[in-house]
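# Architecture at a glance
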Amino acid sequence: MSHDHEHVGEKTAKEQQIDDWLPITSSRNAKWWYSAFHNVTAMVGAGVLSLPYAMSEFGWGPGIAVLVLSWVITLYTLWQMVEMHEMVPGKRFDRYHELGQHAFGEKLGLYIVVPQQLIVEVGTCIVYMVTGGKSLKKVHESLCVDCNPIRTTWWIMIFASIHFFLSHLPNFNSISGISLLAAVMSLTYSTIAWVASLKKGVIEHVDYTPRGKTPTNNVFNFLSALGDVAFAYAGHNVVLEIQATLPSTPEKPSKGPMWRGVVVAYIIVALCYFPVALVGFYIFGNTVEDNILIGLQKPAWLIAAANLFVVVHVIGGYQIFAMPVFDMLETYLVKKQNFSPSAALRFTVRTLYVGVTMFIGITIPFFGGLLGFFGGFALAPTSYYFCIIVGVLLTILAPIGALRNIILSAKNYRFQLAGKDMLFYEVLE
């Protein structure tokens with residue numbers, strides 16, 4: 001008998017109807033390779049392009065050590081989560097917070113897990129709004145050198161407009177095509193980033209010492225870089241939700257196909273991360289930009305293509321991280337506030353969510369600082385906490401360095417009103 005239907009008898013028809021409507025539990029017929037590209041899309045995000053910058057804050061030795069340790073630790077913690085998905089016979093922990101509730105109790109589990117998971121998922125969606133907008137702007141500037149520049153704000157709005165449509169796809173399986181395309185794009189633009197860097201050649205007077213001018217700067221930068229790396233390895237927040245889409249029976253539990261997908265995903269992650277981080281730092285040293293593609297100017301068509309691939313990838317990444325948030329919001333409204341599960345409710349919730357993430361993305365586009373802050377504050381616990389000491393240290397230390405960088409970045413921005421009550425942050429030249 002399938003795990004999925006074992007407890008149907010105990011559920012009322014109404015509860016079953018709600019489960020069949022919610023995005024995480026409505027479809028259970030995914031193939032193992034769906035989990036591979038969902039995991040790649042969730043993990044290999046914008047963070048990969050900031051890895052050379054993180055290396056420039058670490059230096060060679062600590063940088064390589066942190067990258068390798070992160071790969072090993074997060075693969076181990078991911079394996080634990082895959083195993084725990086069905087550790088209670090006849091029950092599936094389809095959502096991260098359900099596992100938290102099993103571990104810490106009904107109420108405490110929610111209070112511990114949900115805020116962190118929401119910070120991660122909403123934070124990632126906001127960062128992806130900024131990344132998508134900036135990458136579109138870079139495509140435009142690469143292909144049209146003589147054109148008048150268009151504000152980043154408008155590009156973020158163009159990027160958001162895509163999500164006003166895509167966000168209405170009902171569940172994880174319905175976005176599998178977008179996710180596959182996004183996973184292919186992540187491997188493609190990562191490869192372009194390091195190959196184009198190699199072709200450019202090592203810059204003159206390259207310097208591999210950590211980029212801070214003083215010991216104090218180096219300490220804060222090191223902490224912030226830990227957050228950047230944590231962000232790059234953070235796909236755990238949607239792992240249980242991805243596994244929930246796989247079919248499962250007592251004879252063939254979902255952990256088998258899920259683990260196969262995870263291993264494939266992690267091999268692709270290594271192929272993306274290590275060459276970008278090491279080659280990027282090798283070529284540019286401590287002058288590398290917080291987005292490696294920004295430092296590459298030629299050939300223009302290739303850089304434009306790489307940025308376009310980033311756009312396609314973060315479109316898929318945004319959807320992967322938004323789906324569990326939609327599930328949480330819709331569950332709350334239907335189960336706690338007694339709204340009826342309807343297309344109108346779904347349309348309203350998802351449209352508002354895209355609008356809010358777009359607005360926040362427009363008002364705080366500090367790309368590098370945001371990665372470190374979200375990476376340390378919430379991604380570290382949810383991806384590293386099974387190795388508890390590493391997780392606690394990352395949670396405390398990484399946001400300190402990142403917050404300092406955000407404060408320093410904010411000095412170069414000012415609020416500006418344009419048009420009717422539109423808020424913009426523009427860089428002060």
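Residues numbered from 1 in each chain as written. Predicted model: local features only at pLDDT ≥ 70, side-chain atom pairs only at ≥ 80, totals over all residues. Heavy atoms only, no water.

Now for the overall build of the protein. Along the backbone of the protein there are 16 helices and two strands. In the protein, which comprises 429 residues, the share counted as buried stands at 55%. Across the protein, every contact between residues at least 6 apart in sequence was considered, and the portion connecting residues at least 24 apart equals 82%. Here the protein displays about 18100 Å² of accessible surface, and carbon together with sulfur accounts for 69% of that area. (Helix = DSSP H or I, 4+ residues; strand = E, 2+ residues; numbered from the N terminus. Buried < 20%, exposed > 50% of the residue type's maximum accessible area, 1.4 Å probe, protein only. Contact = heavy atoms within 4.5 Å. Areas by Shrake-Rupley, 256 points an atom, 1.4 Å probe, with all protein chains shown as cover.)

A few words now on the state of the cysteines. Under the definition given, this model contains one disulfide. Between the sulfur atoms of Cys-144 and its disulfide mate Cys-147 the distance is 1.4 Å. Residue Cys-147 is classed as partly exposed on the basis of its relative accessible area of 31%. (Disulfide = S-S within 2.5 Å.)

So, about the environment of Thr-331. Mapped onto the elements, Thr-331 comes out in helix 13 (residues 300-336). Each C-alpha atom of the pair Thr-331 and Pro-23 lies 9.5 Å from the other, and the pair is 308 residues apart in sequence. Once residues lying within four places of it in the same chain are set aside, the contact partners of Thr-331 are Leu-22 and Lys-336.

Let us look at the side chain of Glu-86. Structurally, the position occupied by Glu-86 is in the loop between helix 5 (60-84) and helix 6 (96-104). Only 3.5 Å separates the side chain of Glu-86 from the side chain of Arg-92, close enough to count as a polar contact. (Polar contact = N/O pair within 3.5 Å; in protein donor to acceptor, adjacent residues only side chain to side chain.)

Attention now moves to the pattern of salt bridges. Between side chains of opposite charge, pairing is possible as soon as their charged atoms come close. For the coordinates displayed, the defined rule picks out seven salt bridges. Of the charged contacts, one joins Asp-94 and Arg-92 as a salt bridge, the two residues approaching to 3.9 Å between their closest N and O atoms. In this pair, the class of Asp-94 matches that of Arg-92, namely buried. A salt bridge links Arg-95 to Glu-98; the shortest N-O distance between them is 3.0 Å. For Glu-98, a relative accessible area of 17% puts it in the buried group. Through salt bridges with shared partners, one network takes in Glu-86, Arg-92 and Asp-94. (Salt bridge = Lys/Arg side-chain N within 4 Å of Asp/Glu carboxyl O.)

Across all of its chains, the model carries 11 aromatic pairs by this definition. Aromatic side chains Tyr-76 and Trp-79 sit 6.2 Å apart centroid to centroid with 25° between the ring planes, which places their arrangement in the stacked category. Highlighted residues: Tyr-76 and Trp-79, both in helix 5, separated by three residues, approximately one helical turn. When its relative accessible area of 41% is taken as the criterion, Tyr-76 is described as partly exposed. Taking relative accessible area as the criterion, Trp-79 reaches 36% and is therefore assigned partly exposed. One aromatic cluster is present, formed by Trp-60, Tyr-208 and Phe-281 through successive ring pairs. For the cation-ring pair, Arg-346 lies above Trp-21, with the distance from its terminal atom to the ring centre recorded as 4.3 Å. (Phe/Tyr/Trp six-rings, centres within 6.5 Å; stacked < 30°, edge-to-face > 60°. Lys NZ or Arg CZ within 6 Å of the ring centre and 35° of its normal.)

Another aspect to go through is the nonpolar core. Residues Val-48, Leu-49, Leu-51, Met-129, Tyr-273 and Tyr-318 are the most contacted members of the largest nonpolar core, which totals 80 residues. Top contributing element to this core by residue count: helix 13, with 14 residues. (Core = buried A, V, L, I, M, F, W, Y, C linked by side-chain atoms within 4.5 Å.)

Let's shift gears to a nonpolar patch on the surface. Together, Phe-104, Leu-108, Leu-110, Tyr-111 and Ile-112 make up an exposed nonpolar region whose accessible area comes to about 480 Å². Topologically, Leu-108 is positioned in helix 7 (residues 106-143). By relative accessible area, Leu-108 is classed as partly exposed at 45%. (Patch = residues over 30% accessible without salt bridge, like charges linked within 9 Å, V, L, I, M, F, W, Y side chains within 5 Å.)

In this structure, His-205 takes a positive phi of about 50° despite not being glycine. Phi at Asn-338 takes a positive value of approximately 60°, unusual for a residue other than glycine. Structurally, Asn-338 is set in the loop between helix 13 and helix 14 (343-363).

Axis separation between helix 3 (residues 32-43) and helix 12 (residues 255-284) bottoms out at 7 Å; the angle between their running directions is 35°. Read as a crossing pair, helix 3 and helix 12 show a hand that is right-handed. Taking contact as the criterion, the partners of Trp-32, Ser-35, Ala-36, Asn-39, Val-40 and Met-43 in helix 3 are, on helix 12, Pro-257, Met-258, Arg-260, Gly-261, Val-262, Val-264, Ala-265, Tyr-266, Ile-268, Val-269 and Tyr-273. Of the residues contributing to the contact of helix 3 with helix 12, the split by class is 13 nonpolar, three polar and one charged. (Axes fitted to C-alpha atoms, helices over the stretch in contact; angles between N-to-C directions. Left-handed = near helix turned anticlockwise from the far one by under 90°. Nonpolar A, V, L, I, M, F, W, Y, C, P; charged D, E, K, R; others polar.)

Taking 1.5 Å of rise per residue, 21 residues should cover 30 Å, and helix 14 covers 30 Å from first to last C-alpha, within 8% of that figure. Within the span of helix 14, buried status applies to Leu-345, Arg-346, Val-349, Arg-350, Tyr-353, Val-354, Gly-355, Thr-357, Met-358, Gly-361, Ile-362 and Thr-363. (Expected span 1.5 Å × (residues − 1).)

This part takes up the confidence of the model for the protein. For the protein, mean pLDDT is 79; residues scoring 70 or higher make up 81% of the total. Low confidence marks residues 1-9, where pLDDT is under 50. Its contacts with residues over four positions away, or in another chain, come to 18 contacts. Across residues 419-429, where pLDDT falls below 50, the model places 36 contacts with residues more than four positions away in sequence or in other chains. (pLDDT = per-residue confidence, 0-100.)

What follows is about helix 6. Listed in full, the buried residues belonging to helix 6 are Tyr-96, His-97, Glu-98, Leu-99, Gly-100 and Gln-101. The positive-phi residue at the C-terminal boundary of helix 6 is Gly-105, with phi of around 105°.

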